[in-house]
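Okay, here's what each chain looks like letter by letter:
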Amino acid sequence: MQIKLNMNGIMGKNLKIGLLFFLVFYSFIVDAQLEQYNEKRHDLDQKLMIGLGSWASLNLIGSGIGLSNALNDESRSFHQMNIMWNTVNLGLAIPGYIKAIRANSDLTLSETYNQQRKTETVFLINAGLDLVYISGGLIFKSEAKSNLDQSMNYNGYGNGLLMQGGFLLIFDWIAYGIHRSRAKKGLQPLLDTVELSDNGFGIK
């Protein structure tokens, strides 16, 4: 009986050691996958900011030329709106690109999850704001019909808002969709195999 207890004790100790090595090895695998996932996420953010910055730059150039050659108040107001709007877009794209380049990819699972949720939430909120911009454009167009003295200006501003708001709505929805799809394929499987807690994680 004494020998049996000793054997069980040895086997139990070996099992614990083996389990410990397995957990350490598994954590290395998870860390490597997380770092790769975050690197690709930051690379995606860089490309999105390049896309936004390119749109802003083209609009600034095009509307700068258009404003100098505007033949009426409607055209002038349209290009003025585009210039103002895309000055803001470029002011967001450049810092966003720099932030994505400097972002830390060595994050824990919980940190990665929180960053992913934050990113998706930002694009969803922006999409909601884009609808407000589009509504503003429609209001300008409506006011143009009742305010004949400013109808051309209102039409120009309205068309500018509709175009910029429409582009941003498409941009934000595409950005959200890509991030959500990547999270389902790359992050969710890791979340399904581990259990997060305040003290770390354990395998489910």
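Residues numbered from 1 in each chain as written. Predicted model: local features only at pLDDT ≥ 70, side-chain atom pairs only at ≥ 80, totals over all residues. Heavy atoms only, no water.

### Here we look at the pattern of salt bridges
Applicable threshold: We define a salt bridge as a contact between a side-chain nitrogen of Lys or Arg and a carboxyl oxygen of Asp or Glu at a distance within 4 Å. Put simply, DSSP marks the helices as runs of H or I at least four residues long and the strands as runs of E at least two long, and each gets a number from the N terminus on. The rule is simple: take the accessible area with a 1.4 Å probe, protein chains only, and divide by the maximum for that residue type; under 20% is buried, over 50% is exposed, in between is partly exposed.
Tallying each qualifying case throughout the model produces 3 salt bridges. Where R76 meets D73, a salt bridge forms, and the shortest distance between an N and an O atom there is 2.7 Å. Within this pair, R76 and its partner D73 are both found in helix 2 (residues 73-102), separated by 3 residues, close to a single helical turn. The exposure class of D73 is partly exposed, given its relative accessible area of 37%. Residues E120 and R180 are paired through a salt bridge, measuring 2.9 Å at the closest nitrogen-oxygen approach. Separated by 60 residues along the polypeptide, E120 in helix 3 (residues 109-146) and R180 in helix 4 (residues 151-193) bring together distant segments of the chain. On the basis of relative accessible area, E120 is assigned to the buried category, the value being 10%.

### What to know about the layout of surface pockets
Going by this rule: Cavities and pockets are defined on a 1 Å grid built over the protein atoms alone: a cavity is a set of grid points where a 1.4 Å probe fits but cannot escape, while a pocket is an open set with protein on both sides within 12 Å along at least five of seven lines, and lining residues are those with an atom within 4 Å of any such point. Grid points are joined across faces, edges and corners, and a volume is the space filled by probe spheres set on the points. Residues are grouped as follows: Ala, Val, Leu, Ile, Met, Phe, Trp, Tyr, Cys and Pro are nonpolar; Asp, Glu, Lys and Arg are charged; all remaining types, including Gly, are polar.
In this structure, the largest pocket encloses a volume near 840 Å³. Sorting the residues of the lining of the largest pocket by element identifies helix 1 (2-68), helix 2, helix 3 and helix 4 as the ones contributing at least two each. Broken down by class, the residue content of the lining of the largest pocket amounts to 16 nonpolar, 8 polar and 6 charged.

### Brief notes about helix 2
The line we're drawing: One fewer than the residue count of a helix, multiplied by 1.5 Å, yields its expected span. Here a polar contact means two N or O atoms within 3.5 Å. Within protein one must be a hydrogen donor candidate and the other an acceptor candidate, and residues neighboring in sequence count only if both atoms are side-chain atoms.
With 30 residues, helix 2 extends 44 Å between its outermost C-alpha atoms, agreeing within 8% with the 44 Å of an ideal straight helix rising 1.5 Å per residue. Listed in full, the buried residues belonging to helix 2 are S77, F78, H79, M81, N82, W85, N86, N89, A93, G96 and A100. For helix 2, the N-terminal capping position is held by N72, with its side-chain oxygen 3.2 Å away from the main-chain nitrogen of E74.

### Here we look at the nonpolar core
One recurring pattern in soluble globular proteins: nonpolar side chains tend to sit buried together. Note the following rule: Buried Ala, Val, Leu, Ile, Met, Phe, Trp, Tyr and Cys residues that are joined via side-chain atoms within 4.5 Å together make up what is termed a nonpolar core. Contacts between residues were defined by any pair of non-hydrogen atoms, one from each residue, lying within 4.5 Å.
Core analysis: the biggest nonpolar cluster contains 14 residues, and L48, L52, F123 and F171 have the highest contact counts within it. Of all the secondary structure elements, the ones that give two or more residues to this core are helix 1, helix 2 and helix 4. For this core, the element with the most residues is helix 4, which contributes 6 residues. Once residues within four sequence positions are removed from consideration, L52 is found in contact with N89, A93, F167, L168 and F171.

### Here's the deal with a negative patch on the surface
The criterion, for reference: Two distance rules govern patches: like charges are joined within 9 Å, and nonpolar side chains (Val, Leu, Ile, Met, Phe, Trp, Tyr) within 5 Å, applied only to residues with over 30% relative accessible area and no salt bridge. Here the open area of atoms and residues is found with the Shrake-Rupley method and a 1.4 Å probe, where only the protein chains shown may cover a residue. By the counting scheme adopted, Arg and Lys are positive, Glu and Asp are negative, and His together with the chain ends is not counted. A single reference atom marks each charge: NZ on Lys, CZ on Arg, CG on Asp, CD on Glu.
Residues D31, E35, E39, D106 and E111 make up a contiguous surface patch of negative charge. Counting residues per element, the negative patch draws most heavily on helix 1, at 3 residues. Tracing the sequence through the fold places D31 in helix 1.

### Some points on helix 3
Look at helix 3: 57 Å from first C-alpha to last across 38 residues, which is about the 56 Å you get at 1.5 Å a residue. Listed in full, the buried residues belonging to helix 3 are L109, T112, Q116, T119, E120, F123, A127, D130, I134, G136, G137 and A144.

### A closer look at a nonpolar patch on the surface
A grouping of I125, L129 and V132 is seen on the molecular surface, where their side chains present a nonpolar patch of about 260 Å² in accessible area. Counting through the fold element by element, V132 comes out in helix 3.

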